[in-house]
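So you can see what is in the structure, the chains are spelled out below.
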Amino acid sequence: MDTIIEKITGDSGHDRQVIQKAAAIIKKGGLVAFPTETVYGLGGDAFDADAASKIYAAKGRPSDNPLIVHISDISDLTELSDDVPEVVYTLAERFWPGPLTVIIKKNCRVPDTVTGGLDTVAVRLPDNETARKFIKASGTFIAAPSANLSGRPSPTSAEHVAEDLSGRIDMIIDGGDIDIGLESTIVDMTGDVPVLLRPGFVTAEMLCGAVGEVAYDPALMSGVDGEVRPKAPGMKYRHYAPKAEMTVVEGERGAVADKIKQLVRNDISQGRKAGIMVSEENKDFFCEGEMICLGSRTNPEEIARHLFGALREFDERGVDTIYAEAFPLEGIGYAVMNRLLKAAGQRVIKV
Ligand code: AMP
Ligand code: MG
């Protein structure tokens with residue numbers, strides 16, 4: 001199959017045509033990758049079980065790993081669930097449109113293929129104008145996981161999507177580079193207390209500020225082989241994995257730099273190509289190895305935005321190992337560390 005790629009240019013007539021073309025593909029049961037503020041999504045009609053099957057096939061995604069249903073208006077919630085708790089509206093009014101996904105009981109209209117057989121559904125109202133216009137124009141809701149091949153880092157540009165899915169999907173809407181760069185925060189709203197299943201830009205502190213109390217899924221920072229099974233099925237897979245063996249190095253700044261230097265030198269002496277993933281503040285410590293700088297430690301949003309692109313870049317440079325500096329667990333730093341540790345298969349050296 002040929003994959004059509006169309007750019008959003010800011011010219012309203014042109015962009016309207018692109019969105020109409022994408023919507024027509026969805027109405028015919030096809031697949032369209034589209035930009036959101038978190039990462040690019042791979043969308044199909046949320047009420048079409050066959051479209052959901054096509055999404056799993058295109059990504060090579062295990063079918064027990066459910067999709068997020070994207071809506072364009074808060075009132076759409078009642079189309080997906082007969083049981084929307086009042087507190088979900090409290091969160092929706094505070095954080096939507098935005099990078100927060102809520103898990104609620106599903107109704108019988110939502111196909112089991114979309115929810116991986118669960119009786120709950122994940123719902124999000126994205127804060128990206130193109131995404132919302134595309135959902136509206138489709139006349140349905142859009143089931144979409146991230147638009148990458150299963151196991152690869154989530155895509156933060158249309159080029160990343162094309163690398164993974166060209167020839168496997170009908171269309172890519174190129175909306176340029178992404179704002180946030182990490183997938184949405186997921187919070188389970190089916191129990192008495194909201195439970196954080198996946199950290200993201202909307203932090204636990206922000207959720208607490210809105211609803212008073214939030215619990216953490218005990219599996220959040222544990223490994224894929226950990227004893228606790230994550231409540232979000234997708235979190236049990238070794239996601240975001242670069243081809244190289246990755247290690248996170250944690251500790252006092254100077255000691256971290258010394259350790260990474262020593263590891264890199266050792267790799268080079270044994271004929272391995274070593275990658276270094278560091279902050280602006282630490283980059284001058286290194287004169288050997290393939291270095292990618294994620295941004296300043298004073299701007300954790302910048303670090304988050306560049307993380308997945310850096311992992312892909314290391315794949316392209318063909319490194320054998322990657323050493324990454326650890327970041328503080330504050331604010332979005334918690335989500336950054338969650339993704340870093342997953343990419344590293346929880347391999348950490350403390351110095
Ligand atoms: P992705 O959009 O690729 O990040 O994948 C969607 C994420 O949402 C995966 O980690 C899923 O496991 C999670 N998810 C989707 N639906 C549910 C649900 N009903 N309950 C728990 N987690 C879900
Ligand atoms: Mg994903």
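Everything discussed here concerns the structure shown above.
Residues numbered from 1 in each chain as written. Chains lettered and ligands numbered in written order. Predicted model: local features only at pLDDT ≥ 70, side-chain atom pairs only at ≥ 80, totals over all residues. Heavy atoms only, no water.

A. Representation of the packing of aromatic side chains. Using the criterion set out here, one finds four aromatic pairs in the structure. Between Phe34 and Phe134, the aromatic rings sit 5.1 Å apart at their centres with planes inclined by 50°, giving tilted as the arrangement. In this pair, Phe34 is assigned in strand S2 (residues 32-34) and Phe134 in helix H5 (residues 129-138), connecting sequence segments 100 residues apart. Each member of the pair, Phe34 as well as Phe134, is classed as buried. Geometrically, the ring pair formed by Phe285 and Phe286 is edge-to-face, given 6.4 Å between the ring centres and 70° between the ring planes. Judged by its relative accessible area of 32%, Phe285 falls in the partly exposed class. In this structure, Arg109 is placed above the aromatic ring of Phe47, and the distance from its NZ or CZ to the ring centre is 4.0 Å. (Phe/Tyr/Trp six-rings, centres within 6.5 Å; stacked < 30°, edge-to-face > 60°. Helix = DSSP H or I, 4+ residues; strand = E, 2+ residues; numbered from the N terminus. Buried < 20%, exposed > 50% of the residue type's maximum accessible area, 1.4 Å probe, protein only. Lys NZ or Arg CZ within 6 Å of the ring centre and 35° of its normal.)

B. Molecular detail of the site of ligand 1. Taken together, 21 residues sit near ligand 1, with Arg61, Thr120, Ser146, Arg198 and Gly234 positioned nearest. Arg61 has a polar side-chain atom sitting 3.0 Å from an oxygen atom of ligand 1. Interatomic distance of 3.0 Å between a side-chain N/O atom of Thr120 and a nitrogen atom of ligand 1. Isolated, ligand 1 exposes 490 Å² of accessible area, and the fraction of that covered by the protein chains is 96%. The site holding ligand 1 turns out to be the largest pocket. Of all the secondary-structure elements, those providing two or more residues to the shell around ligand 1 are strand S6 (120-124) and strand S10 (195-198). Per-element tally for the shell around ligand 1: the top contributor is S6, with three residues. Taken together, the residues of the shell around ligand 1 sort by class into 13 nonpolar, four polar and four charged. (Near = heavy atom within 4 Å. Polar contact = N/O pair within 3.5 Å; in protein donor to acceptor, adjacent residues only side chain to side chain. Areas by Shrake-Rupley, 256 points an atom, 1.4 Å probe, with all protein chains shown as cover. 1 Å grid on protein atoms, 1.4 Å probe; cavity = no way out; pocket = protein on both sides within 12 Å on 5 of 7 lines; lining within 4 Å. Sits in = over half its atoms within 2 Å of the grid points. Nonpolar A, V, L, I, M, F, W, Y, C, P; charged D, E, K, R; others polar.)

C. Seen up close, the state of the cysteines. Under the definition given, this model contains zero disulfides. No disulfide involves Cys293; its nearest neighbouring cysteine sulfur is the one of Cys287, lying 16 Å away. For Cys293, a relative accessible area of 28% corresponds to the partly exposed category. (Disulfide = S-S within 2.5 Å.)

D. Just the packing of helix H4 (residues 86-95) against helix H7 (residues 204-211), in detail. The geometry of H4 relative to H7 is characterised by a closest axis approach of 10 Å and an angle of 120° between their N-to-C directions. Accordingly, the angle class assigned to the pair H4 and H7 is oblique. In terms of crossing hand, the pair formed by H4 and H7 is right-handed. For the pair H4 and H7, contact is made by Val87, Thr90, Leu91, Arg94 and Phe95 and by Met206, Leu207, Gly209, Ala210 and Val211, respectively. Here the residues of the contact of H4 with H7 sort into seven nonpolar, two polar and one charged. (Axes fitted to C-alpha atoms, helices over the stretch in contact; angles between N-to-C directions. Parallel < 35°, antiparallel > 145°, perpendicular 65-115°, else oblique. Left-handed = near helix turned anticlockwise from the far one by under 90°. Contact = heavy atoms within 4.5 Å.)

E. How the structure looks around the sheet that holds strand S5 (residues 100-105). Judged by pairing direction, the sheet is mixed, and its 11 strands sit side by side in the order S1-S8-S2-S3-S7-S4-S6-S5-S9-S10-S11 without closing on themselves. Edge strands, defined here as strands with exactly one partner in the open sheet, are strand S1 (4-7) and strand S11 (215-216). Of the strand pairs in this sheet, strand S9 (residues 185-188) and S10 are connected by three bridges, and their pairing is antiparallel. The residue bridging Ile186 from the neighbouring strand is Arg198, located in S10. (Pairing = 2+ DSSP bridges.)

F. Just empty space enclosed by the protein, in detail. This model, assessed by the stated rule, comprises three cavities of 30 Å³ or more. Forming the walls of the largest cavity are Lys261, Val264, Arg265, Phe285, Phe286, Cys287 and Glu288. Taken together, the residues of the lining of the largest cavity break down into four nonpolar, no polar and three charged. (Points joined across faces, edges and corners; volume = space filled by probe spheres on them.)

G. View of the pattern of salt bridges. Counted according to the given criterion, the structure contains 20 salt bridges. A salt bridge links Lys105 to Asp119; the shortest N-O distance between them is 3.6 Å. Taken together, the positions of Lys105 in strand S5 and Asp119 in the loop between S5 and S6 put the pair 14 residues apart, joining distant regions of the chain. Accessibility expressed as a relative area gives 35% for Lys105, which makes it partly exposed. The class for Asp119 is partly exposed, based on a relative accessible area of 48%. (Salt bridge = Lys/Arg side-chain N within 4 Å of Asp/Glu carboxyl O.)

H. Region of interest: the side chain of Thr203. Considering the arrangement of structural elements, one finds Thr203 in the loop between S10 and H7. Side chain to side chain, Thr203 and Glu205 meet in a polar contact 3.2 Å long. In this structure, Thr203 is in contact with Gly331 and Ile332, ignoring residues within four places of it in sequence.

I. Here's a closer look at the side chain of Lys59. Mapped onto the elements of the fold, Lys59 is located in helix H2 (residues 49-59). Buried within the structure, Lys59 lacks any salt-bridge partner; its nearest side chain of opposite charge belongs to Asp164, at an N-O separation of 7.4 Å. In this structure Lys59 touches Leu42, Pro145, Ser146, Asn148, Leu149 and Ser150, once residues within four positions along its chain are discounted. (Lys, Arg positive; Asp, Glu negative; His and termini not counted.)

J. Local environment of unusual backbone geometry. The linkage connecting Trp96 with the following residue, Pro97, adopts the cis geometry, with an omega of -5°. Within the fold, Pro97 resides in the loop between H4 and S5. Phi at Gln346 is positive, roughly 65°, even though this residue is not glycine. Within the element layout of this structure, Gln346 appears in the loop between helix H10 (333-343) and strand S16 (348-350). Since its relative accessible area comes to 24%, Gln346 is described here as partly exposed.

These values are about where atoms sit, not about what they do.
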